[in-house]
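Residues per chain, in single letters:
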Amino acid sequence: MVFFPMGNVRLKVIGLFMGAAMLVGTAQAQGVVNPHADEPCGYATVLQQLEQQYPGFKASYDQQTQRALQLDAQKLATQTLSNRKKKISDTLYYYDTVYTIPVVFHVIYNVANENLHDSLIISQLAVLNRDFNRLNSDSVKTRNIFKSRAGTARIQFEFAKVDPNGVATTGIVRKSTTKTTFGSAGGGIQDLMKATATGGDDPWDPAKYLNIWVCDLSVNNQDALLGYAYPPYGHPSWTSGSWVADSKQGVVLHYKVVGRNNPRATGAIASSNMGRCAVHEVGHFFGLRHIWADDQYSANKCLVDDYIDDTPLQGIGAGFTCNLGGNTCIESKNDLPDMFENYMDYSTEACQNLFTKRQVQMMRTSITDFRTELPIKREIITRMRVFDTVVYDEVLIYPVDTETDVVVEVRNEELLEMVDVQFFDLLGRELTELVALKQNETRFDTQTWASGYYVAVLKRSSDGKVIRKQKLFVD
Ligand SMILES: [Zn+2]
């Protein structure tokens, strides 16, 4: 638990991208009730321990976190809401392309126990394919309120078939090392496993392969850090402090949590035996942030979100639980509980079962915008229907609090002039004509409408088919 750098290193950023996700809270691990009632997350205990070990750690951590949050807040303040929404383009969403990513595992071992059998690596790849494509049987456990938000990434992973020199390969490279661990006592993330010169193994061209290093990340025989990954260089959802050079791109996994039913996942990390640490880290690799946005130490934990608007606002990570009642941020409209089902939360692996559609979109956009050479296949399967996307949330309808307008916002330019809207009162009386949505934002003046509920009906322009009805309250 000493992977958090001190001094002037940017702690918050580290917290963001590291599978520090995977910091196992001692409270949870030992079945001790966490004393921090306002922060029911093992993370607080971890920090407390670090403070004992390294006096002054917490002050430094808080200071760095505050600074990073201020930067975030400044950035947000200069962006209009609609600008933020447009950050991720949506074009490919309508063409169902399956991306296949070649993967190379670098198994770096000091003792035989770290030299994982092929079967574990193979099962790890299978878990990635299963979970990224929502083929996981526990998808039935997704709570009803979130079912419609669950997405299928259509990203597949396969073992690399040729190495960078064109030589046939199994996609698994094994290398012995004299280093007994790559965990770093007090020095933060060192990435030593990523270079042959430092006892690890050089990456294969990170633009063309997903490199996954499997090695010992323990410190003093503690399984503190289970994995980490970096977002694509230049990704807009991340600060520049999170961007690293190509040679460090990829995913690192603690050997004990690789694959399904890895017998090394015992004790404190026994619940991390489903291979989902890798799912989480590959999520980071494709640009996703933790769903609570790592602002748990902020005065307002609900201020910064993950730039994903179909994950509910969340103040803190789930702390390796599946807390059914957890709701750390009350949203002013359509409040929802925390989404512990999400692979990008810190819930136990047994209760994780989904990426949302917007997370899928961000990951796919990360491929088309940043990891462009990575997929070896792009198969156009089918075109999604406008119907599906409108039902989901490509068209938003909402009253503007401070004005008398209702706004109909089309979030995807491909839908312009394909959808019409009309407003009715609850008795079915027409309040407006059928209006074609020709621009991103169409406004309706509701000054003459009495306070109460109304229904907006969206129809497909081509045939008038009703594709969505939405009730809304107008003051
Ligand atoms: Zn993480």
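The rules we used
Residues numbered from 1 in each chain as written. Predicted model: local features only at pLDDT ≥ 70, side-chain atom pairs only at ≥ 80, totals over all residues. Helix = DSSP H or I, 4+ residues; strand = E, 2+ residues; numbered from the N terminus. Buried ≥ 20, exposed ≤ 12 C-beta atoms within 10 Å, placed from the backbone. Contact = placed C-beta atoms within 7 Å. Expected span 1.5 Å × (residues − 1). Arc of directions from axis to C-beta. Core = buried A, V, L, I, M, F, W, Y, C linked by C-beta atoms within 7 Å. Pairing = 2+ DSSP bridges. Axes fitted to C-alpha atoms, helices over the stretch in contact; angles between N-to-C directions. pLDDT = per-residue confidence, 0-100. Parallel < 35°, antiparallel > 145°, perpendicular 65-115°, else oblique. Left-handed = near helix turned anticlockwise from the far one by under 90°. Nonpolar A, V, L, I, M, F, W, Y, C, P; charged D, E, K, R; others polar.

**Let's talk about the overall build of the protein**
- Scanning the protein for helices and strands turns up 10 helices and 14 strands.
- The buried share of the protein, taken over its 475 residues, is 43%.
- For the protein, restricting intrachain contacts to residue pairs at least 6 apart in sequence, the fraction spanning at least 24 positions comes to 68%.

**Considering helix α6 (residues 118-132)**
- In this model α6 runs 21 Å from its N-terminal to its C-terminal C-alpha over 15 residues, within 8% of the 21 Å that 1.5 Å per residue would give.
- Every buried residue of α6 is listed here: Leu-120, Ile-121, Gln-124, Leu-125, Val-127, Leu-128, Asp-131 and Phe-132. Considered in projection along α6, the buried side chains sweep an arc of 155° and stay on one side of the axis.
- Just beyond α6, the residue with positive phi is Arg-134, at close to 50°.

**Quick notes on the nonpolar core**
- Within the largest apolar cluster, 73 residues are counted, with the highest numbers of intra-cluster contacts made by Val-103, Val-214, Leu-253, Val-258 and Ala-278.
- Mapped onto this core, the elements with two or more residues apiece are β1 (95-109), α6, β2 (155-159), β4 (210-215), β5 (227-229), β6 (251-254), α8 (276-285) and α9 (357-369).
- If you tally residues by element for this core, the top one is β1, at seven residues.
- The residues contacting Val-214, other than those within four sequence positions of it, are Phe-105, His-106, Val-107, Ile-108, Leu-116, Leu-253, Tyr-255 and Val-258.
- The next biggest cluster of nonpolar side chains, apart from the first, holds 14 residues, and it includes Val-408, Val-410, Tyr-454 and Ile-467.

**Looking at the sheet that holds strand β8 (residues 395-399)**
- Taken together, three strands build an open sheet; the order of strands is β8-β9-β12 and the sheet is antiparallel. Of all the strands in the sheet, just β8 and β12 (441-445) have a single pairing partner and so form its edges. Across the sheet, the axes of successive neighbouring strands diverge by a mean angle of 15°, strand direction being ignored.
- The sheet contact formed by β8 and strand β9 (residues 405-410) spans five bridges and is antiparallel. Residue Val-395 lies in a different strand from β9, and its bridge partner there is Val-410.

**Comments concerning unusual backbone geometry**
- With a phi close to 50°, Arg-154 is a non-glycine residue in the positive phi region.
- Looking at the secondary structure, you find Arg-154 in the loop between α7 (144-147) and β2.
- In this structure, Asn-220 takes a positive phi of about 50° despite not being glycine.
- Residue position: Asn-220 is located in the loop between β4 and β5.

**Topic: the confidence of the model for the protein**
- When pLDDT is averaged across the protein, the result is 80; 76% of the residues are at 70 or more.
- Confidence drops under pLDDT 50 across residues 1-45; counting only partners more than four residues distant or on other chains, this segment forms 129 contacts.
- Long-range and interchain partners of residues 80-95, a stretch whose pLDDT sits below 50, account for 21 contacts in this model, where long-range means more than four residues apart.

**Quick notes on α8**
- Of all 10 residues in α8, 10 are buried; the element is thus mostly enclosed.
- One or two steps after α8, the chain reaches Gly-287, where phi turns positive at roughly 100°.

**With respect to the pairing of β4**
- A large share of β4 lies buried, amounting to six of its six residues.
- Here β4 shows a buried face lined by Leu-210, Ile-212 and Val-214 and a second buried face lined by Asn-211, Trp-213 and Cys-215.
- One ladder, built from four bridges, connects β4 with β6; its direction is parallel. Within β6, the position partnered with Trp-213 by the bridge is Val-252.

**Here's the deal with the sheet that holds strand β14 (residues 466-474)**
- Spatially, four strands are ordered β11-β10-β13-β14 in an open sheet, and the strand pairing comes out antiparallel. Both outer strands of the open sheet, β11 (435-436) and β14, are each paired with one neighbouring strand and no more.
- Looking at chain direction, strand β13 (residues 452-460) and β14 are connected through eight bridges and run antiparallel. Note that in β14 the partner of Ala-456 across the bridge is Gln-470.

**Some remarks on the environment of Val-244**
- In this structure, Val-244 sits in the loop between β5 and β6.
- With 17 C-beta atoms packed within 10 Å, Val-244 lands in the partly exposed category.
- Taking the C-alpha atoms as reference points, Val-244 and Tyr-233, separated by 11 residues in sequence, lie 6.2 Å from one another.
- If we skip the residues at most four places from it in the chain, Val-244 touches Tyr-230 and Gln-249.

**A look at the packing of α6 against α8**
- Remark: α6 packs on α8, axes separated minimally by 9 Å, with the N-to-C direction vectors making an angle of 60°. Judged by the inter-axis angle, α6 sits oblique to α8. Here α6 runs over α8; the crossing is right-handed. The residues of α8 that touch α6, namely those facing Gln-124, Val-127, Leu-128 and Asp-131, are Arg-276, Ala-278, Val-279 and Val-282.
- Split by residue class, the contact of α6 with α8 holds five nonpolar, one polar and two charged.

**Some details on the environment of Gln-422**
- Structurally, Gln-422 is set in strand β10 (residues 419-425).
- In this structure Gln-422 comes out as partly exposed when scored by C-beta crowding, with 17 C-beta atoms within 10 Å.
- Between the alpha carbons of Gln-422 and Thr-432 there is a distance of 5.8 Å; along the sequence they are 10 residues apart.
- With near-sequence residues (within four places) excluded, Gln-422 lies in contact with Glu-430, Thr-432, Glu-433, Leu-434, Val-435 and Val-457.

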